[in-house]
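Take a look at the letters that make up each chain.
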Amino acid sequence: MSEGSKGIPRPLVKTNQGFIVISVLLTWLTGQYWILALPLAAGVLGLVFGYNPVIKLGAKFLTKERCAYLLEDAEQQQFNQSIAVFCLTAGLVSFIAGWTIAAYIFTALVAVAATVAILGFCIGCFIHYQWKMYTYRRKQGSSH
């Protein structure tokens, strides 16, 4: 399999992001914090087993060959999903513990990041790039 074929079609990435946003909004509107467990479970399955059910279900609705779509880097998406899983976990645990302010902060972080990504700017990508540059510069500095 070629490196380019390991990417994730952009519509599937956006579907996953939309699922996160809708889940957070439904949690806020209904007060049913268990709803956060849905995108959280999908994210954990994707990170641990490489099987995100939201993306797998969305793939059934793609109308073109996967190579016809702009492909998102799988490693980058794993990084982004890690951030989402962290925020969703922290939000869900905070709701369960009764830490309402923390719950809203963590769920707002993930909802805003996913919304902004849907609109075209990937906060996780920016953080990932900055981290890669930091580690590169550190490595270059230690080799001199």
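Criteria and cut-off values
Positions within a chain are numbered from 1, following the residues in the order the chain's sequence is written. Only residues with pLDDT of at least 70 are given local features in this predicted model, and only at 80 or more are side-chain atom pairs given and counted; all residues enter the totals for whole chains, interfaces and linings. Excluded from the side-chain calculations are hydrogens and water; all other atoms, namely the structure's heavy atoms, are used. Secondary structure elements follow DSSP: runs of H or I no shorter than four residues count as helices, runs of E no shorter than two count as strands, and numbering proceeds from the N terminus. Exposure categories follow from relative accessible area, calculated using a 1.4 Å probe and restricted to protein chains: below 20% of the type maximum is buried, above 50% is exposed, and the middle band is partly exposed. Note on definitions: a residue-residue contact is assigned when non-hydrogen atoms from the two residues lie within 4.5 Å. His residues and chain termini do not enter the charge count, which takes Lys and Arg as positive and Asp and Glu as negative. Working definition for charges: the position is that of NZ of Lys, CZ of Arg, CG of Asp or CD of Glu. Here, a disulfide means two cysteine sulfur atoms that sit within 2.5 Å of each other. Each Phe, Tyr or Trp ring (for Trp, its six-membered ring) is paired with any other whose centre lies within 6.5 Å, and the angle between the two planes then decides the class: stacked below 30 degrees, edge-to-face above 60, tilted in between. Whether a charge sits over a ring depends on NZ of Lys or CZ of Arg being within 6 Å of the ring centre and within 35 degrees of the ring normal. Here, patches come from residues exposed beyond 30% relative accessible area and free of salt bridges, joined within 9 Å for like charges and within 5 Å for nonpolar side chains (Val, Leu, Ile, Met, Phe, Trp, Tyr). Accessible surface is estimated by sampling points in the Shrake-Rupley manner with a 1.4 Å probe; for residues, cover comes only from the protein chains shown. Between Lys or Arg on one side and Asp or Glu on the other, a salt bridge is scored when a side-chain nitrogen of the former is within 4 Å of a carboxyl oxygen of the latter. Buried Ala, Val, Leu, Ile, Met, Phe, Trp, Tyr and Cys residues form a nonpolar core when they are joined through side-chain atoms within 4.5 Å. Expected span of a helix, by definition, is 1.5 Å for each gap between consecutive residues, and there is one gap fewer than residues.

A. Structural context of the overall build of the chain. The secondary structure content of the chain amounts to six helices and two strands. Secondary structure elements in the chain, listed N-terminal to C-terminal, are β-α-α-α-β-α-α-α. Dimensions of the chain, computed from C-alpha atoms along their principal axes, come out at roughly 50 × 45 × 30 Å. Residues classed as buried in the chain amount to 33% of the 144 residues present. Within the chain, contacts between residues at least 6 apart in sequence are counted, and of these 71% link residues at least 24 apart. Once the 11 positive and 5 negative side-chain charges of the chain are each reduced to a mean point, those two points are 4 Å apart.

B. View of the state of the cysteines. Scanning the entire structure with this criterion turns up one disulfide. Two residues, C122 and C125, share a disulfide whose sulfurs are 2.4 Å apart. With the S-S bond torsion at 75°, the cross-link from C122 to C125 turns out right-handed. Exposure remark for C122: the relative accessible area of 19% places this residue in the buried category. In this model C87 remains outside any disulfide bridge; the closest cysteine sulfur is found in C122, 13 Å from its own.

C. Region of the structure containing the packing of aromatic side chains. The tally for this structure, following the rule as stated, stands at six aromatic pairs. Ring centres of W28 and Y104 lie 6.1 Å apart, and the angle between their planes is 40°; on these two criteria the pair is classed as tilted. Here the residue W28 occupies a position in helix α1 (residues 10–30), and Y104 occupies one in helix α5 (residues 100–119), the gap between them amounting to 76 residues. Residue classification places W28 among the partly exposed residues on the basis of a relative accessible area of 30%. Between W131 and Y134 the ring centres are 5.6 Å apart and the planes differ by 35°, which places this aromatic pair in the tilted class. On the criterion of helical spacing, the pair formed by W131 and Y134 is a turn pair, its members being three residues apart in helix α6 (residues 123–142). Members of the aromatic cluster, joined through ring pairs, are W28, Y33, F95 and Y104. Stacked on the ring of Y69, the Lys or Arg K64 has its end atom at 4.9 Å from the ring centre.

D. Fine view of a nonpolar patch on the surface. The grouping of V44, L45, V48, F49 and Y51 at the surface amounts to a nonpolar patch, some 490 Å² of accessible area in total. You can see F49 is positioned in helix α2 (residues 37–49).

E. Main features of the nonpolar core. With 15 residues, the main nonpolar core has I20, V24, L36, L40, L88 and V110 as its most contacted residues. If you list the elements that add at least two residues to this core, you get α1, α4 (74–97) and α5. Ignoring anything within four residues of it in the chain, the contact list for V24 reads L36, L88, T107, V110 and A111.

F. Seen up close, α4. If you check α4, its first and last C-alpha atoms are 34 Å apart, about what 24 residues at 1.5 Å a residue would give, namely 34 Å. Where α4 terminates, the next one or two residues include G98, which has phi positive at roughly 85°.

Spatial relationships are all this shows, so hold off on functional conclusions.
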